[in-house]
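The primary structure of each chain is shown beneath.
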Amino acid sequence: MSTNEDKILLHICCAPCATYPTKFFNENGYLYDGYFYNPNIHPESEYNLRLENVRKLSGIREFKLIVEDEYNEADWILYKEVPTRCQKCYNIRLRKAFEYAQKNSYKAVTSTLLISPYQQHEMIIDIANSYSNYYNVPFHYIDFRPHFREGQNEARELGFYRQKYCGCLSSLEDKLDFDIKKEEKKGMKDNG
Ligand code: SF4
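Just so we're clear, the structure is a prediction, and the values are computed from it rather than from any experiment.

1. Here we look at the site of the ligand
Near the ligand the following residues occur: Asn40, Arg85, Cys86, Cys89, Tyr90, Arg93, Gln119, Cys166, Gly167, Cys168 and Ser171. Take the shell around the ligand: its biggest share by element is five residues, from helix α3 (residues 84-103).

2. Some remarks on the packing of aromatic side chains
Each aromatic ring pair is described using two quantities: the centre-to-centre distance and the angle formed by the ring planes. In this structure the tally under the stated criterion is 17 aromatic pairs. Measuring from centroid to centroid gives 6.2 Å for Tyr131 and Tyr135, while their planes differ by 35°, and the two rings are tilted. Within this pair, Tyr131 and its partner Tyr135 are both found in helix α4 (residues 121-135), separated by four residues, close to a single helical turn. The buried category is assigned to Tyr131, whose relative accessible area is 15%. Ring centres 4.9 Å apart and planes at 85° place the aromatic pair Tyr134 and Tyr135 in the edge-to-face group. A relative accessible area of 9% places Tyr135 in the buried class. The structure contains a cluster of three or more aromatic residues connected by ring pairs, namely Tyr20, Phe24, Phe25, Tyr30, Tyr32, Phe63 and Phe144. In this structure, Arg50 is placed above the aromatic ring of Tyr165, and the distance from its NZ or CZ to the ring centre is 5.2 Å. One cation-aromatic arrangement involves Lys96 over Tyr37; the distance from NZ or CZ to the ring centre is 5.1 Å.

3. Considerations on the side chain of Lys96
With respect to the secondary-structure elements, Lys96 resides in helix α3. Setting aside anything within four residues of it in sequence, one finds Lys96 in contact with Tyr35, Tyr37, Glu68 and Glu70.

4. Digging into α3
With 20 residues, α3 extends 29 Å from end C-alpha to end C-alpha; this agrees with the ideal 28 Å at 1.5 Å per step. Taken together, the buried positions of α3 are Arg85, Cys86, Cys89, Tyr90, Ile92, Arg93, Leu94, Lys96, Ala97, Phe98, Tyr100 and Ala101. In this structure, the buried residues of α3 make contact with β1 (8-12), β2 (32-36), β3 (64-67), β4 (108-111), α4 and α6 (169-190). Just beyond α3, the residue with positive phi is Ser105, at close to 55°.

Calculation rules
Residues numbered from 1 in each chain as written. Predicted model: local features only at pLDDT ≥ 70, side-chain atom pairs only at ≥ 80, totals over all residues. Heavy atoms only, no water. Near = heavy atom within 4 Å. Helix = DSSP H or I, 4+ residues; strand = E, 2+ residues; numbered from the N terminus. Phe/Tyr/Trp six-rings, centres within 6.5 Å; stacked < 30°, edge-to-face > 60°. Buried < 20%, exposed > 50% of the residue type's maximum accessible area, 1.4 Å probe, protein only. Lys NZ or Arg CZ within 6 Å of the ring centre and 35° of its normal. Contact = heavy atoms within 4.5 Å. Expected span 1.5 Å × (residues − 1).

By themselves these figures say nothing about function.
Spelled out as C-alpha cells, the structure:
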C-alpha cells in the first residue's frame, strides 16, 4: 500500500485546470492526492460550485481529495491590483499546501495553477520554490501550459462548470469591466 511519502500533493484551483494534470498523472503512474484550498473565490456560491466540480473530478479520476474548506475572502479585498493581489493569493494558497505536505510527509507538491497561460507562471515558480525551501518539501515543477486547451476541451466534454474569471472579487470586477467595454465598442461599430 502506498503512503504519503510516495505521493505528490497536487494543489487544485478548479476542475477545468485540474483535468489535464490529473489525466497526465494517472497515465504516467504518478501517486498523488488532490488538495483544494482557494479561500478567496467570490462569491461564496461560486466557491461552492468550483469545489463541487473538483469533487466530481476526483470521482472520475479516482484520486483522494483533501479539502481545506475555508472561505475567507476578506483578506484579499485590500489587494486590488495585478500582480500584487496574485502574489498574495499564490503565497497564501501555496504556503498552506506546502505546510500540509510537510505535516503529512508528502514526497512533493505541485499545483494546477501551472497550467494556465493567464496566471503569473514565473511568480508561481518563485513562490513555490521559496516554500519548498522553507518547509523542506520538494516542488515538483511541470509546465502544463502547452496542454491548457486540451484540458479545457476535455473539461467541457465532461460537463464541468467552466468559469469566466480567475476567482477573487477583483478578477470578477475586471471581467465585468471588460464585458462592458466590449459591448460599448460593439455598439459604436453597429451605430457606424
Ligand atoms: S486574479 Fe486569480 S490569482 Fe490573482 S488574486 Fe485573483 S484569484 Fe488570485
